[in-house]
Amino acid sequence: MKSNKPKKDIVTIANMESQLPKIMAWLKSNRKLGVILIDMTPYFEMQLYYSKSIYQSVTRTIHSCIASLRGKEIRRDDIIALNLTGGSKYYIFLSKSREKSYVHVDDYEKMCLRLYDALFNALFATIFPITHNEPKLKLGYAFTFYNPYVEEIQFLQNLIHEAEVTAGYLQVKIAMIKRKLLYKIIVDEDLQTRYQPIINLSDNSVLGYEAFIQGPDDSLFTNAYSLFNFASTMGLVFELDWISKKKIIKNARGIAKNKKLFIKIVPSNLYKHELFAEQFMQILKENDIGLDTLVFELSDEPVAECISFMQKLMRFYNQIKCAVVIKNPDDEECLKVLQDSGIAYIKLGLDLIRHIDSNTLACKFIEQVNKAAQTINCDIVAEGVHHQNEMQKLVELGVKYGQGYFFARPENRFIEKINVEEYLSDKELEKNLLAYIYFKRGKSYFEKADYDKAILEFTKVLEVDEEHVEALYYRAYSFCEEGGVTAALKDMKTMVSINPAFPEAQFLQGMIFHKKGDLPAALRAYSEYIDRSSEDSNIHIELASKRIIEMKRKLKQD
């Protein structure tokens, strides 16, 4: 039986060959042409190392991010083209500006840097969980004047070559910008802290909070991984880690005495540098935070090495508890080194917890970890709990604590109460809540006529709830406004198959026929919509009536 569910890979970008006539026409009429190159080649190669579905998911995200630049970082009239069908290099050919004859040459570099920021932050959430690396972007630009004595295709080849050359230069430029930003962050101590609650799965109480650090909003270092990764290349991890701990402790002043504060650490900083230790203890005292509140967490080293560090730390800092993070079930040696380690908590990493309800191997491993933990009087915390099924499975496996987006996201305050039973009582709550949030965002963008962003939000709704009729309707409407008649028609057919009586179906059909230039069919659809509607129930009667009058006038003239 054929499914009527909408396809998720709805964003399409034409290849260069199909856009060539329009690009050449611009070159002749404007007498000049500019292009921005976005090279995503590393992700084109992902299909060699990851599953087809993962590769397609990343490709959809890249397409969506680049398509959503319209009306923001680039103008709506600009042409976005791929080097070939399914290719990895995107070219944005720039149209005329309303304010001036063309984008000024000095603006190209600024535009590339803005695009880099926007794409880097948008792609990070999708790319990092899969590759465990930050997005790899390469941007360049080029500009040329029309010469009637040169073959047209030669213009395009030269333009693309120049864009590749400037991309190499901009990579160096971006590295210098990152250096300057890192220096500024350290000097100004411009860091933000967030705290995510760790929940007792049996009685809803809050054990404590894991502290997170991030750089300034809307910067290349908004994400902590990018910030510390670059600091490592610059040899500035100690300095950055130090001000991070100062911020975390200072902003945690007032934490309840019976709550734990989990802090990720670079162990060598804490037991090799006497000055660091002395100052750290002083900051704790100044902010009235006892040693028994802290839990030092090391998650970026192999477990055996981790334990060695932890034991040294526990001897160095009396009363401080320690936690070790286990990321995967492949190395059973970690169960052996846990014996007599003295650690207080074992944290199960996100990679272990993701889809734990259907991962038999991970479940068996967690059962082993749980037995080992009981023998050494150690508690288990599951990181990255994002779904109800994951939480329920963890409870079955005897895991005592959990943290993740299912309970709460990291915030700049301490969340004191989480009602887990409320989640357990309604299996559809998470799905409905996510769909509601995405739909409200989409409607907000739709009402502002920001259709590109609206399409992205309504697509998120449909990824959560594939039969959300209103999201299908508004996405189809947005597609139609953006000229995506084919995509709009698909959404409309899906919408009608789910709910044939949806009140706005005829209006949407009229819009689609109108965009296609089939005025008689559009006229019939709009008329049927008005005949079935009342002024109190349907929202587009006035607009439909106006369009009927305009179309009748046009048909009469023709």
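Quick caveat, the model's predicted, so the values are computed rather than measured.

As for the overall build of the chain
Thought 1: Summing up its helical and strand segments, the chain has 22 helices and twelve strands in all.
Thought 2: Within the chain, the fraction of its 558 residues that count as buried is 48%.
Thought 3: In the chain, 67% of the contacts between residues at least 6 apart in sequence involve partners at least 24 apart.
Thought 4: Total accessible area computed for the chain in this model is approximately 28,300 Å², and 49% of it derives from carbon and sulfur atoms.

A look at the packing of helix H19 (residues 485–498) against helix H20 (residues 505–516)
Thought 1: Orientation of H19 relative to H20, taken along the N-to-C sense of each, is 160°, at an axis distance of 10 Å. Taken as axis vectors, H19 and H20 run roughly antiparallel relative to one another. Where H19 crosses over H20, the handedness of that crossing is left-handed. Seen from H19, the contacting residues are Val 485, Ala 488, Leu 489, Met 492, Met 495 and Val 496; seen from H20, they are Ala 505, Leu 508, Gln 509, Ile 512, Lys 515 and Lys 516.

A look at the nonpolar core
Thought 1: Of all hydrophobic cores here, the largest spans 65 residues; its most connected members are Leu 182, Ile 249, Leu 261, Leu 294, Ile 346 and Leu 348.
Thought 2: At six residues, helix H13 (residues 360–375) tops the list of elements feeding residues into this core.
Thought 3: Setting aside residues no more than four positions away along its own chain, Leu 294 makes contact with Ile 249, Leu 261, Ile 263, Phe 280, Leu 284, Ile 289, Ile 320 and Lys 321.
Thought 4: Within the second largest apolar cluster, 32 residues are counted, among which are Ile 36, Leu 115, Phe 124 and Leu 170.

Considerations on the confidence of the model for the chain
Thought 1: Averaged over all residues, the pLDDT of the chain equals 79, while 77% of them reach at least 70.
Thought 2: The spread of mean pLDDT over the elements of the chain runs between helix H15 (residues 420–425), the lowest at 51, and strand E12 (residues 401–402), the highest at 94.
Thought 3: Confidence over residues 423–427 falls short of pLDDT 50; this stretch has ten contacts with residues more than four positions distant or in other chains.
Thought 4: Segment residues 534–538: pLDDT under 50, and six contacts once partners within four positions in sequence are set aside and those in other chains are kept.

Re H19
Turn by turn, an α-helix covers 3.6 residues, leaving residues three or four places apart pointing in a common direction.
Thought 1: With 14 residues, H19 extends 20 Å from end C-alpha to end C-alpha; this agrees with the ideal 20 Å at 1.5 Å per step.
Thought 2: Against the buried residues of H19 lie helix H18 (469–481) and H20.

Quick word on unusual backbone geometry
Thought 1: At His 355, a residue that is not glycine, the phi angle is positive and equals roughly 60°.
Thought 2: In this model, Asn 377 sits at a positive phi of 55°, which is unusual for a non-glycine residue.
Thought 3: Tracing the backbone shows Asn 377 in the loop between H13 and strand E11 (379–382).
Thought 4: The exposed category is assigned to Asn 377, whose relative accessible area is 71%.

Points about the sheet that holds strand E1 (residues 32–39)
Thought 1: Ordered in space as E2-E3-E1-E4, the four strands form an open sheet in which the pairing is antiparallel. The outermost strands of the open sheet, each flanked by one partner alone, are strand E2 (79–82) and strand E4 (138–145). On average, each strand axis in the sheet is inclined to that of its neighbour by 20°, with strand direction left out of account.
Thought 2: When E2 meets strand E3 (residues 89–93), the two strands line up antiparallel, connected through four bridges. Paired with Leu 82 across the bridge in E3 is Tyr 90.
Thought 3: Taken strand by strand, helix H1 (residues 16–30) contacts E1, E2, E3 and E4, and its axis lies near 140° from that of E2.

Focus on the packing of aromatic side chains
Thought 1: Counted under the stated rule, the structure contains 18 aromatic pairs.
Thought 2: Here the aromatic rings of Tyr 195 and Phe 414 are separated by 4.7 Å at their centres, their planes lie at 45°, and the arrangement is tilted. Taken together, the residues Tyr 195 in strand E5 (residues 192–200) and Phe 414 in the loop between E12 and H15 connect sequence positions 219 residues apart.
Thought 3: Aromatic ring contacts, followed pair by pair, group Phe 439, Phe 446, Tyr 451, Phe 458, Tyr 473, Tyr 474 and Tyr 477 into a single cluster.
Thought 4: Just above the ring of Tyr 405 sits the side chain of Arg 409; from NZ or CZ to the centre is 3.9 Å.

Observations concerning the sheet that holds strand E7 (residues 260–264)
Thought 1: Read around the barrel, eight strands follow the order E5-E6-E7-E8-E9-E10-E11-E12 and close on themselves; strand pairing throughout is mixed.
Thought 2: The pairing of E11 with E12 spans two bridges and is classified as parallel. From the neighbouring strand, Ala 382 faces E12, where its bridge partner is Gly 402.
Thought 3: In this fold H13 packs onto strand E9 (321–326), strand E10 (345–348) and E11, with an angle of close to 170° to the strand it touches most, E10.

Reading the values: rules and limits
- Residues numbered from 1 in each chain as written.
- Predicted model: local features only at pLDDT ≥ 70, side-chain atom pairs only at ≥ 80, totals over all residues.
- Heavy atoms only, no water.
- Helix = DSSP H or I, 4+ residues; strand = E, 2+ residues; numbered from the N terminus.
- Buried < 20%, exposed > 50% of the residue type's maximum accessible area, 1.4 Å probe, protein only.
- Contact = heavy atoms within 4.5 Å.
- Areas by Shrake-Rupley, 256 points an atom, 1.4 Å probe, with all protein chains shown as cover.
- Axes fitted to C-alpha atoms, helices over the stretch in contact; angles between N-to-C directions.
- Parallel < 35°, antiparallel > 145°, perpendicular 65-115°, else oblique.
- Left-handed = near helix turned anticlockwise from the far one by under 90°.
- Core = buried A, V, L, I, M, F, W, Y, C linked by side-chain atoms within 4.5 Å.
- pLDDT = per-residue confidence, 0-100.
- Expected span 1.5 Å × (residues − 1).
- Pairing = 2+ DSSP bridges.
- Phe/Tyr/Trp six-rings, centres within 6.5 Å; stacked < 30°, edge-to-face > 60°.
- Lys NZ or Arg CZ within 6 Å of the ring centre and 35° of its normal.

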